[in-house]
Amino acid sequence: MGEDAGGGHEFVVVANRLPVDEVTGEDGQHRWERSPGGLVSALQPVVRQRGGAWVGWTGSAGEAPEPFDIDGMRLRPVPLSAEEVDQYYEGQSNATIWPLFHDLVEQPTHRRDWRRAYEAVNRRFARAAADAAAPDATVWVHDYQLLLVPAMLRELRPDVRIGFFLHIPFPPVELFMQLPRRRELLTGLLGADLVGFQGALAAQNFLRLTRLLAGLEPKDDRVEVDGRTVVARAFPISIDVAEVDQLTADPAVQERARQLRTELGGDRRLLLGVDRLDYTKGIEQRLEAYHDLLADGEISNDDVVLVQVATPSRQRITQYQQLRERVEREVGRTTGEFGDVGRAPVHYLFQSFGRAELVALYLAADVMLVTPLRDGMNLVAKEFVAARRDEQGALVLSEFTGAAAELDDAFLVNAHDTDDIKRGILEALNADPQDLAARMRHMREQVRAHDIDYWARDFLGVLGVPGAPPEAREAA
Ligand code: GDG
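Residues numbered from 1 in each chain as written. Predicted model: local features only at pLDDT ≥ 70, side-chain atom pairs only at ≥ 80, totals over all residues.

Looking up the chain in an unreviewed UniProt entry gives the name Trehalose-phosphate synthase, with the organism given as Actinoplanes utahensis. Of the comments in the UniProt record for the chain, the one headed Sequence similarities (unreviewed entry) reads "Belongs to the glycosyltransferase 20 family." (UniProt positions renumbered as here; feature names shortened; annotations may be inferred.)

Participant: Kindly report on the overall build of the chain, identifying the contributing residues and their values.
Facilitator: Assigned secondary structure in the chain consists of 17 helices and 17 strands. Taking 23 Å as the expected radius of gyration for a compact globule of 476 residues, we find that the chain reaches 23 Å, a close match to that expectation. Within the chain, the proportion of its 476 residues that are buried is 51%. (Helix = DSSP H or I, 4+ residues; strand = E, 2+ residues; numbered from the N terminus. Rg over C-alpha atoms; globule rule 2.2 N^0.38 Å. Buried ≥ 20, exposed ≤ 12 C-beta atoms within 10 Å, placed from the backbone.)

Participant: Break down the site of the ligand for me, with residues and values.
Facilitator: Around the ligand lies a shell of 20 residues, among which His-167, Thr-311, Gly-376, Met-377 and Leu-379 are the nearest. Listing elements by their share of the shell around the ligand, those giving two or more residues are strand 12 (269–276), strand 13 (304–311), helix 12 (355–364) and helix 13 (379–387). Considering each element in turn, the shell around the ligand owes the most residues, three residues, to helix 13. Tallied by class, residues from the shell around the ligand come to 10 nonpolar, six polar and four charged. Counting the residues that make up the shell around the ligand, at least three belong to each of domain 1 (9–237 + 454–466) and domain 2 (241–449). (Near = placed C-beta within 6 Å. Nonpolar A, V, L, I, M, F, W, Y, C, P; charged D, E, K, R; others polar. Domains from an automatic or database assignment.)

Participant: Give a detailed account of the confidence of the model for the chain, specifying residues and quantitative values.
Facilitator: Residues at a pLDDT of 70 or more form 96% of the chain, whose mean pLDDT is 94. This model gives residues 1–6 a pLDDT under 50, and the stretch forms 12 contacts once residues within four places in sequence are excluded. Listed scores for the predicted complex are pTM 0.95 and ipTM 0.99. (pLDDT = per-residue confidence, 0-100. Contact = placed C-beta atoms within 7 Å.)

Participant: If you had to explain the domain arrangement of the chain to someone new, which residues and values would you point to?
Facilitator: Along its sequence, the chain is organised into domain 1 (9–237 + 454–466) and domain 2 (241–449). One C-alpha centre belongs to domain 1, the other to domain 2, and the line joining them spans 30 Å. The interface of domain 1 with domain 2 comprises 17 residues on the first partner and 16 residues on the second. Here the residues of the side of domain 1 that touches domain 2 sort into seven nonpolar, seven polar and three charged.

Participant: Give me the lowdown on the pairing of strand 13, citing residues and values where you can.
Facilitator: The buried fraction of strand 13 is high, at six of eight residues. Taken together, the eight bridges between strand 12 and strand 13 define a ladder with parallel strand orientation. Looking at the pairing, Arg-269 lines up with Val-304 of strand 13. Chirality of the crossover, the property in question, places the unit of strand 12, helix 10 (residues 283–296) and strand 13 among those that are right-handed. Bridge count for strand 13 against strand 14 (residues 346–349) is four bridges, and the pairing is parallel. Looking at strand 14, one finds that Gln-308 is bridged to Tyr-348. After leaving strand 13, the chain enters helix 11 (residues 318–338) and then returns to the sheet as strand 14, a path that is right-handed. (Pairing = 2+ DSSP bridges. Right-handed = clockwise from strand over helix to strand, strands pointing away.)

Participant: So, the nonpolar core: which residues are in play, and what are the values?
Facilitator: If you look at the biggest cluster of nonpolar residues, it comprises 154 residues, and the most contacted ones within it are Val-12, Val-14, Ala-129, Val-139, Leu-395, Val-396 and Leu-397. Examining the composition of this core, we find that 10 residues originate from one element, helix 3 (residues 112–132), more than from any other. Shared between two domains, this core takes at least three residues from each, and those domains are domain 1 (9–237 + 454–466) and domain 2 (241–449). (Core = buried A, V, L, I, M, F, W, Y, C linked by C-beta atoms within 7 Å.)

Laid out in structure tokens, this is it:
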């Protein structure tokens, strides 16, 4: 089904990671489990329905396993050596492109050996995609680790239709121009027929760059390259609303939310942050704002408590280790100055939690703090809104997230300005409940009408592939 005689696939997803995690069973046997997450559950029915394949890395260095099937998807692992993990993934992807595309929140490192590894690995992914694709197939490439793949793939397979989606921001031209080999990166993206971004600004930055760096003449949302048309548009990504609904309807999750509130001090208002421990997420500024509110006497440890979940991430990169130290120092400072025995002002959790526990936290919170310095979208903000079927709770949201364009009923703040974060928190804490309910209602309508399935169908529709109908998803 969906495969031609040569074994090619009509639809191929290409992403740095395969949608599986390796788990060890009680019998000591290794097996693969589909990874959780909205992107995987949105794409799985489309891939399955079309007899499609997913090309990506398993997450472990060394030889790659043979292709295998999971949930109706053919997975085609791409190998990465330990050195390539260092240079392509942690180096060029996460220590060069990631900080530069996030407005230089941290200084990017430029290294020739990283660039070389990035190019070699991108070529390997492009070859794997070319091998997987049937004649005239559609290939959907994802994210900043694979910016060169569209052009490399087009060279190998001019017959296929290529979509690319960037999950992180696309920087202003002046920043992009700082990248060594910037021209190749732009040319890489221009190999696609459709380049999708999280927001309109990113798409504009990209189109402007095609003029300034490649001398092209973009018009509206498209640009002609070598007699082809490349469309660049915003497709704001979203969440699996049905999954959140299922969890919030679960009595065990609701009970857990009540329990969390009691344990944290029933009468205290709960402020919540949930982020990967990443310097783009503005965790330090948020903690500083909270500290200053306590120091100014605007809030008191008797009345409020902050829970900050900081999921471990990219721990081998120095800047992430340093961030962790700074965050933990700030937590210690605030606890030391304002804590009481048995009553801490901050609960800092450097751990990863299950989905049910996260949703219980969303349900328990009075104020959700989402204050990145720059973020492509931010799914946590949308998950919080989706979880609040009670129409209670306030969202303090950074203007520098993609989500702010859609969730403008949040308490929007300039996350670079601690005073403005303080203002946002106080406004949220002191807001009239009716005002909060009206804001939450609007935000919920927005998220429910634009979930992850909508996003996938929208992108694939513009690319010329109808997305999976909702029935396909239920049958999955
Ligand atoms: C990139 C872009 C864009 C967090 N802690 C735990 C956990 N999470 C889940 C959240 C949410 C996801 O991880 C994080 O998504 P974000 O969008 O907030 O951030 P990034 O990881 O930076 O994602 C971003 C996104 O791609 C999609 O395009 O929005 O801008 O940077 O779903 O709930 N999940 C579990 N345990 C945890 O401890 N299970």
